[in-house]
Amino acid sequence: MKHLPEEDLIAYQLHESSNETAIRRHLEECVDCAAVSESIAETLRVFSAEPVPKLDLERNWQRLRGNLSVLGADQPKRFGLRWKLIWSAIGLAMAALLVVVFIASHGSFTMKTRPNLAINGHGPLTTEPRDPAIADHLDSAERLLTEVNNTQGPLDEITREQAHHLLLKNAIYVHAARESGDVAQAAVLENLGRVLTTLDNEPETPHSTWRLRLEMNTSGLLLDIRILRQNDDRNQGAAQ
Amino acid sequence: MSIPPIIFSREPNQWANPLSNRRMDRAETEAIREVLGGNRDAYRVLMDRHFSSVARVAFRITGNEEDAEEVAQETFLRAYNKLPSFREDSAFSTWIVRITMNTAINLVERRNRDLSYRAPRIADEPSAAEGTVRVADGQAGPEGELLGREAASLRETAMAALTPMERAAFTMRHMEEVPMSEIAGALNITVNSAKQAVFRAVSKLRRSLAPVAGGLR
């Protein structure tokens, strides 16, 4: 008799299986699978919900209150000020256009780049991803790398697919960062690209995962991504 | 003297799903407007309503009271600072619990990286019992208490071996009974990845119980 994989039995015990009837029927006939299934059920019982300690709301409020800045009445009221913002943006765009025309007509133009202040611990990372899509990209990359960093053995198919997908998008963001002259962001994304390429092409041996993990740890890539991501004011929008 | 084995009973979840997308009522909407208008004390209304669910989720993921409190503080501070970008078409409860989960995962990752962090003492060897894990009940004597501490230590050790993502997905699904789709949304991963994280967690936990459960079957 063919036995069921552990994953199917876990899904069954968690009521996440799409094939519950068939599994139940199998368990009635197969003693081995029934024993594994019972062992999973026992594990779930052992790790069932325990009471949560009650934290002191008042103390926490007092502690928090001291750290709250006053969000001024000058916070943009998203709807009322919309037209004002649009006209301001148009004005700024026109001014920028005039500056570009002036520079172009008065000698050669060289693109100034922001100083690279923070690659792997050489200073604070001050550049911020302005594009929410980049923030989302960094967020996904951070999760993937964290997962890989904590994974034992070879990578599974889903992780590889995620790495491949991120790698394709990463190339666009590297290009955009270079175009905008953001050297620090481009450097972090290039470093990310190298790790993603390795992930995407990694042969299925535990050894290479260890090598990759080591590379990630030594390069401080995860740290750079986190700092870059957390600098982004709009990042939390992705969590909504 | 032998102590009868006491099996953990599954407590019914007495709280609502912390990620349930319930609509905001007028008091919450008004509180947000007031905060954005400069009245920071109005934030207390939101904290009164959501502190317990934030603290509960934080405790599930971090596994200890001190870290849960740190996560709760950071969560409410981050939510406050991001309030101007909060879209009122979604529920504040969903939004803040998602921030909590991400903040808690980040804290656990930081703790794991920090080698100097002193984790709770772990028993050198788990104790073997006759096919079940024994824990102390309310009236247990010194020996029962010892067994209870040992079981708690065993569970802590097993949970500590999970990745932060696995721990978050497992505790939310199994202990808080949050649907997979909502866990996936909160963790910004696919539903399939969330399921895999939960399944991996259960598999690891089962293996961790092997020494006391008479070996894996």
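What counts, and where the lines are drawn
- Residues numbered from 1 in each chain as written.
- Chains lettered and ligands numbered in written order.
- Predicted model: local features only at pLDDT ≥ 70, side-chain atom pairs only at ≥ 80, totals over all residues.
- Helix = DSSP H or I, 4+ residues; strand = E, 2+ residues; numbered from the N terminus.
- Contact = placed C-beta atoms within 7 Å.
- pLDDT = per-residue confidence, 0-100.
- Axes fitted to C-alpha atoms, helices over the stretch in contact; angles between N-to-C directions.
- Parallel < 35°, antiparallel > 145°, perpendicular 65-115°, else oblique.
- Left-handed = near helix turned anticlockwise from the far one by under 90°.
- Nonpolar A, V, L, I, M, F, W, Y, C, P; charged D, E, K, R; others polar.
- Core = buried A, V, L, I, M, F, W, Y, C linked by C-beta atoms within 7 Å.
- Buried ≥ 20, exposed ≤ 12 C-beta atoms within 10 Å, placed from the backbone.

Asker: What is the right way to look at the overall build of chain A in this model?
Answerer: If you tally the helices and strands in chain A, you get 10 helices and zero strands. In sequence order, chain A lays out its α and β elements as α-α-α-α-α-α-α-α-α-α. Put simply, of all contacts in chain A between residues at least 6 apart along the chain, 68% involve residues at least 24 apart.

Asker: Can you walk me through the confidence of the model for chain A in this structure?
Answerer: When pLDDT is low, close inspection of the predicted coordinates is not appropriate. Residue and element names in this part refer to chain A. Per-residue confidence for chain A gives a mean pLDDT of 75, with 66% of residues at or over 70. pLDDT under 50 marks residues 109-128. Its contacts with residues more than four places away, or in other chains, come to 40 contacts. Within the model, pLDDT remains below 50 along residues 233-240, and this stretch shows 23 contacts once partners closer than five positions in the same chain are excluded.

Asker: Just to check I follow, could you spell out the packing of helix α3 (residues 65-82) of chain B against helix α4 (residues 92-113) of chain B for this structure?
Answerer: If you want to describe how two helices pack, look at the angle between their axes and the distance between the axes. All names here are of chain B. In the contact formed by α3 and α4, the axes pass within 9 Å of each other and the chain directions differ by 130 degrees. Regarding the angle of α3 to α4, the classification is oblique. Taken as a pair, α3 and α4 cross one another with a handedness that is right-handed. Here Asp67, Glu70, Val71, Glu74, Thr75, Arg78 and Ala79 of α3 come into contact with α4, specifically with Ile96, Ile99, Thr100, Thr103, Ala104 and Leu107.

Asker: Got a minute to help me understand the interface of chain A and chain B in this structure?
Answerer: Many analyses report the size of an interface as the accessible area lost when the parts associate. Listed by partner, the interface residues are 47 residues for chain A and 61 residues for chain B. Counting only elements with at least two residues in the side of chain A that touches chain B, the list comes to α1 (6-13), α3 (31-46), α4 (57-65) and α6 (132-149) of chain A. Broken down by element, the side of chain A that touches chain B gets its largest block of residues, nine residues, from α3(A). For the side of chain A that touches chain B, the residue count by class is 23 nonpolar, 13 polar and 11 charged.

Asker: Is there a simple way to explain the confidence of the model for chain B in this structure?
Answerer: Residue and element names in this part refer to chain B. For chain B, the average pLDDT comes to 78, and 71% of its residues sit at 70 or higher. Averaged pLDDT values over the elements of chain B bottom out at 78 in helix α5 (residues 142-160) and peak at 95 in helix α2 (residues 43-62). This stretch, residues 1-15, has a pLDDT under 50; its non-local contacts, to residues over four places away or in other chains, come to 25 contacts. Note that residues 116-138 has pLDDT below 50 and, in this model, 42 contacts with residues that lie over four places away or in other chains.

Asker: Mind showing me how you'd approach the nonpolar core here?
Answerer: Within soluble globular proteins, side chains that are nonpolar generally end up buried alongside one another. Ranked by size, the top nonpolar core spans 63 residues in total, and within it B:Ala58, B:Met101, B:Ala104, B:Ala168, B:Ala169, B:Leu187 and B:Val202 carry the most contacts. Among the elements that line this core, the one with the most residues is α2(B), at 10 residues. What B:Ala169 contacts, discounting residues up to four positions off in sequence, is B:Ile183, B:Leu187, B:Ala194, B:Ala197, B:Val198 and B:Ala201. With 24 residues, the next largest nonpolar core counts A:Ala135, A:Val188, A:Leu189 and A:Leu192 among its residues.

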